[in-house]
Amino acid sequence: HAMTTGVGLRHICDMAVAYKFYNGLCMSSEYREVLKKNGLIRWTALLHRVLQTVVGIPEEYLPELGVSTTAIPDRDVKWFVDTMLSDGNFGFGKRRRFSGVPGKLLFYGRYAPAAFFVRWLRLICGRMRRTVTSDNV
């Protein structure tokens, strides 16, 4: 839901707790392959950078991605954190900086293009399928 409705600070904290708990229990290489297969390496590098700068999680708790988190621009970390804090939990805060696809297209398109576009395509197709089914009833 990070790329569609939004996330809150608690989601970031959940990831920090999960990484700390699973540290050393999972193979970084297997995790990296799953991320690569799903086109989420760059997105996860951004997440790691946010975890380090906002939550303060030590780097040793983060699985090796094969991508440097220092390659993630500070402006992107700031945009993500500002959006997360203003949009609130699941993007249902009182004021949303970017509602829907247009505001997130360039940002998430850069970090997880396949996941972003596939997710929205599934949502659109699902909506169309429900509409067609409802009309036939």
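These figures come from a predicted structure and were not determined experimentally. (Residues numbered from 1 in each chain as written. Predicted model: local features only at pLDDT ≥ 70, side-chain atom pairs only at ≥ 80, totals over all residues. Heavy atoms only, no water.)

> Honestly, the overall build of the protein in this entry has me stumped. Any pointers?
Helix and strand counts for the protein come out as 6 helices and 0 strands. Ordered by position in the sequence, the α and β elements of the protein form the string α-α-α-α-α-α. Within the protein, the fraction of its 137 residues that count as buried is 36%. A separation of at least 24 residues holds for 72% of the contacts in the protein among residues at least 6 apart in sequence. (Helix = DSSP H or I, 4+ residues; strand = E, 2+ residues; numbered from the N terminus. Buried < 20%, exposed > 50% of the residue type's maximum accessible area, 1.4 Å probe, protein only. Contact = heavy atoms within 4.5 Å.)

> What is the right way to read the packing of aromatic side chains from this model?
Aromatic ring pairs are described here by two measures, namely the spacing of the ring centres and the angle between the planes. According to the stated counting rule, one finds 3 aromatic pairs in the structure shown. A ring pair is formed by phenylalanine 21 and tyrosine 22, whose centres lie 4.9 Å apart and whose planes are at 90 degrees; its orientation type is edge-to-face. On the accessibility criterion, phenylalanine 21 (57% relative accessible area) is exposed. Judged by its relative accessible area of 45%, tyrosine 22 falls in the partly exposed class. Ring plane angle 70 degrees and centroid distance 5.5 Å describe the contact between tryptophan 43 and phenylalanine 80, whose orientation is recorded as edge-to-face. Separated by 37 residues along the polypeptide, tryptophan 43 in helix 3 (residues 41-55) and phenylalanine 80 in helix 4 (residues 74-87) bring together distant segments of the chain. Judged on exposure class, the residue tryptophan 43 and its partner phenylalanine 80 are both buried. (Phe/Tyr/Trp six-rings, centres within 6.5 Å; stacked < 30°, edge-to-face > 60°.)

> Help me understand the confidence of the model for the protein in this model?
Detailed reading of the predicted coordinates is not advisable wherever pLDDT is low. Mean pLDDT over the protein: 76, with 63% of residues reaching 70 or higher. Of all helices and strands in the protein, the one with the weakest mean pLDDT is helix 6 (residues 113-136) (63), whereas helix 3 scores best (91). (pLDDT = per-residue confidence, 0-100.)

> Please explain helix 3 as it appears in this structure.
Because each turn of an α-helix spans 3.6 residues, side chains separated by three or four positions end up pointing in the same direction. Taking 1.5 Å of rise per residue, 15 residues should cover 21 Å, and helix 3 covers 20 Å from first to last C-alpha, within 8% of that figure. Listed as buried for helix 3 are Ile41, Trp43, Thr44, Ala45, Leu46, Leu47, His48, Arg49, Val50 and Leu51. Looking at the residues trailing helix 3, positive phi occurs at glycine 56, about 85 degrees. (Expected span 1.5 Å × (residues − 1).)

> When you look at the nonpolar core in this model, what are you seeing that I'm missing?
The nonpolar side chains of soluble globular proteins are, as a tendency, buried together. Within the largest apolar cluster, 24 residues are counted, with the highest numbers of intra-cluster contacts made by Ile12, Trp43, Leu46, Val50, Leu51 and Phe80. Within the residue set of this core, elements represented by two or more residues are helix 1 (9-22), helix 3 and helix 4. Take this core: its biggest share by element is 7 residues, from helix 3. Excluding residues that lie within four positions of it along the chain, isoleucine 12 makes contacts with Leu47, Val50, Leu51, Val55, Phe80 and Met84. (Core = buried A, V, L, I, M, F, W, Y, C linked by side-chain atoms within 4.5 Å.)

> How should I be thinking about the pattern of salt bridges in this particular structure?
Once the charged atoms of two side chains with opposite charge are near each other, the side chains can pair. By the definition in use, this model includes 3 salt bridges. The salt bridge partner of arginine 10 is aspartate 14, with a shortest N-O separation of 3.6 Å. Within this pair, arginine 10 and its partner aspartate 14 are both found in helix 1, separated by 4 residues, close to a single helical turn. Owing to a relative accessible area of 43%, arginine 10 belongs among the partly exposed residues under this scheme. Classification of aspartate 14 by relative accessible area gives partly exposed; the value is 41%. Here aspartate 82 ties to lysine 78 by a salt bridge, and the two come within 2.5 Å at their closest N and O atoms. Of this pair, aspartate 82 and lysine 78 both sit in helix 4, separated by 4 residues, roughly a single helical turn. Accessibility expressed as a relative area gives 51% for lysine 78, which makes it exposed. (Salt bridge = Lys/Arg side-chain N within 4 Å of Asp/Glu carboxyl O.)

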